[in-house]
Amino acid sequence: MAAAVTIAAPALPSRHSSSCSLPPLTHRSLSFVAFTSPTITKLSSHRSPRRFPSAPSTSAFSIKAAAAAADKKRVLVVNANSGGHAVIGFYFAQQLLSSGHEVTVLTVGDESSDKMKKPPFTRFSELVSAGGKTVWGNPAQVGDIVGTAKFDVVLDNNGKDLDTVKPVADWAKSAGVEQFLYISSAGIYKPLDEIPHVEGDLVKDDASHVSVEKYMAGLSFSSWAVFRPQYMIGSGNNKDCEEWFFDRIVRDRPVPIPGSGMQLTNISHVRDLSSMLSLAVENSAAANGKIFNCVSDRAVTFDGLAKLCARAAGRELKIIHYDPKAVGIDAKKAFPFRNMHFYAEPRAAKEILGWTGTTNLPEDLKERFDEYVKISRDKKPMQFDIDDKILESLKVAVTV
């Protein structure tokens, strides 16, 4: 029998700031402040009846300029052309550019492809306006694409297996790149009795990301690090997460959730993922050889996420729980999340990089719903064939 829960959407609480807080000062920035704060002056060898503050010498300006230049990096982002990870590269590039770094984004494929007509690629002009560069092509030919350009840091936000990442990593090593960062996946962790997953937990040996992580470790970069994200939200994400719930809620359809709905998962705003990556660039020595769970620091249940989406939309919610096996449905096709507890904790980022999360689902989902309506997805014709099969097997009527 289906378990139905009807929940009225209460009034939204007053909005409080959800802006991304500035990352904490790093040891790099602290040393920069300490180094450049004193004013170096040239003292006269004779006494003057009146003393005026002398201007900084040319050497002082040179020292400051050299210190500022040393703090800026030349970064290449190899970015996927689809999927949930593509938006990470966009936010990462934005954040680096705002901090004064030089950024080039190499996106897989052709600039004229249909994939580039979707976000975040439709917003790449923002990167160019901020001083960044965007290029397209096959990452296996990265050396030919970037030519003589030099880079201090490379982020591979594309490859899921060694065949794809190896050409990029090998080129980076031969080109003298100091730091190599790789976007892996928290999905490689083996299911455990204890949650959340923390860095160091057992991983699936046959997972393709694992072979990439092992290969990176053997290349002896001056600094390398691995980031394992889970599910994410944020403007420009072209893989459904919260949208799956909005699609049903705004059409007054039941939301079918497998199991009890109490399964824990992790939903992060992509700005938190990019801030973690940026801290690794700023603290390359501390990040060296480390694995970071690239996630927010709070879990949410499936039912809880549905409720938050309904509140963001200001609509009522009807949840239907079901057993996928009993209704003959593959939960992977029927639901956007793994039908299990799947929750990692960003312990290493907090302890090593001083990272703090800013994800605030009630506020972030309200912003996401505003954008959902702005693009008129709430009015887009949709089919819910799998949902209908589930509801029919449970004898739940749907009013169209």
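See the structure above.
If you're wondering where the values come from, they're calculated on a predicted model, not measured in any experiment. (Residues numbered from 1 in each chain as written. Predicted model: local features only at pLDDT ≥ 70, side-chain atom pairs only at ≥ 80, totals over all residues. Heavy atoms only, no water.)

### Digging into the overall build of the protein
Counting its secondary structure elements, the protein contains 16 helices and 14 strands. A total of 400 residues make up the protein; the buried ones form 49% of that total. A separation of at least 24 residues holds for 83% of the contacts in the protein among residues at least 6 apart in sequence. Put simply, the protein shows about 19800 Å² of open surface, and 54% of that area lies on carbon and sulfur atoms. (Helix = DSSP H or I, 4+ residues; strand = E, 2+ residues; numbered from the N terminus. Buried < 20%, exposed > 50% of the residue type's maximum accessible area, 1.4 Å probe, protein only. Contact = heavy atoms within 4.5 Å. Areas by Shrake-Rupley, 256 points an atom, 1.4 Å probe, with all protein chains shown as cover.)

### Digging into the sheet that holds strand β4 (residues 133-137)
Here we have seven strands laid out as an open sheet, ordered β4-β3-β2-β5-β6-β7-β12, and parallel in their pairing. At either margin of the open sheet sits one strand with a lone partner, and together these are β4 and β12 (290-294). Strand-to-strand twist of the sheet, defined as the mean angle between neighbouring strand axes without regard to direction, takes the value 20°. Across five bridges, strand β2 (residues 74-79) lies against strand β5 (residues 153-157) in parallel orientation. Among the inter-strand pairings, L76 is bridged to a residue of β5, identified as V154. Across the sheet, helix α3 (residues 86-98) is in contact with β2, β3 (102-108), β5, β6 (179-183) and β7 (223-229); its angle to β2 comes to roughly 165°. (Pairing = 2+ DSSP bridges. Axes fitted to C-alpha atoms, helices over the stretch in contact; angles between N-to-C directions.)

### Digging into unusual backbone geometry
With an omega dihedral of 5°, the bond running from P119 to P120 counts as a cis peptide bond. You can see P120 is positioned in the loop between β3 and α4 (124-129). The omega angle of the peptide bond from I195 to P196 is 5°, so this bond is cis rather than trans. Within the secondary structure, P196 sits in the loop between β6 and α7 (208-217).

### Some details on the pairing of strand β9 (residues 255-258)
On β9, burial covers both faces: V255 and I257 on one face and P256 and P258 on the other are all buried. When β9 meets strand β14 (residues 317-322), the two strands line up parallel, connected through four bridges. Bridge pairing in β14 places I257 opposite H321.

### Observations concerning the pattern of salt bridges
Under the definition given, this model contains 19 salt bridges. Residues R368 and E243 are paired through a salt bridge, measuring 3.1 Å at the closest nitrogen-oxygen approach. Within this pair, whereas R368 is found in helix α15 (residues 361-374), its partner E243 is found in helix α8 (residues 242-249), the two being separated by 125 residues in sequence. Using a relative accessible area of 7% as the deciding quantity, one classes E243 as buried. A salt bridge links R251 to D247; the shortest N-O distance between them is 4.0 Å. With respect to class, R251 is no different from D247; both count as buried. Several salt bridges share partner residues, and in doing so they unite D240, D247, R251 and R377 into one network. (Salt bridge = Lys/Arg side-chain N within 4 Å of Asp/Glu carboxyl O.)

### Here we look at helix α16 (residues 385-393)
Every buried residue of α16 is listed here: D387, I390 and L391. Down the axis of α16, the buried set is contained in an arc of 95°. They therefore lie on one face. Turned more than 90 degrees from where α16 packs its buried face, D385 and E392 sit exposed. For α16, the secondary structure elements touched by its buried residues are α8, β9, β14, α12 (324-327) and α13 (331-334). Of the residues one or two after α16, K395 is the one with positive phi, at around 60°. (Arc of directions from axis to C-beta.)

### Overview of the side chain of S274
Structurally, S274 is set in helix α9 (residues 270-282). Judged by relative accessible area, S274 falls into the buried class, the value being 1%. Engagement of the side chain of S274 in a polar contact is seen with the backbone oxygen of R271, the distance being 3.0 Å. Apart from residues no more than four positions distant in its own chain, S274 is found in contact with Y91, F92 and Q95. (Polar contact = N/O pair within 3.5 Å; in protein donor to acceptor, adjacent residues only side chain to side chain.)

### Let's talk about the environment of V105
Along the chain, V105 turns up in strand β3. By relative accessible area, which is 2% here, V105 ends up buried. Counting along the chain gives 26 residues from V105 to N79, while the straight-line C-alpha distance between them is 6.7 Å.

### A word on the packing of α3 against α9
Put simply, α3 and α9 touch, their axes get as near as 8 Å, and they point 55° apart. For the element pair α3 / α9, the angle class is oblique. Considering the relative orientation of α3 and α9, their crossing is right-handed. Within the contact between the two elements, α3 uses V87, I88, Y91, F92, Q95 and L96 and α9 uses V270, R271, L273, S274, S275, L277, S278 and V281. (Parallel < 35°, antiparallel > 145°, perpendicular 65-115°, else oblique. Left-handed = near helix turned anticlockwise from the far one by under 90°.)

### Quick notes on the nonpolar core
Judged by nonpolar contacts, the single largest core of 39 residues is most densely connected at F92, F227, M276 and F292. Once residues within four sequence positions are removed from consideration, F92 is found in contact with V75, V77, L155, S274, L277, S278 and V281. If you look at the next biggest cluster of nonpolar residues, it comprises 35 residues, including V210, A312, F335 and F337. (Core = buried A, V, L, I, M, F, W, Y, C linked by side-chain atoms within 4.5 Å.)

### Digging into the environment of S220
Inspection of the secondary structure puts S220 in the loop between α7 and β7. As a C-alpha pair, S220 and K173 span 47 residues in sequence and 8.4 Å in three-dimensional space.

### Comments concerning the packing of helix α11 (residues 302-313) against α15
At a closest axis distance of 8 Å, the pairing of α11 and α15 adopts a crossing angle of 55°. Taken together, α11 and α15 sit at an angle that is classed as oblique. The way α11 lies across α15 gives a crossing that is right-handed. Contact residues: α11 offers L305, L308, C309, A312 and A313, while α15 offers L361, P362, L365, K366 and F369. Residues of the contact of α11 with α15, tallied by class, amount to nine nonpolar, no polar and one charged. (Nonpolar A, V, L, I, M, F, W, Y, C, P; charged D, E, K, R; others polar.)

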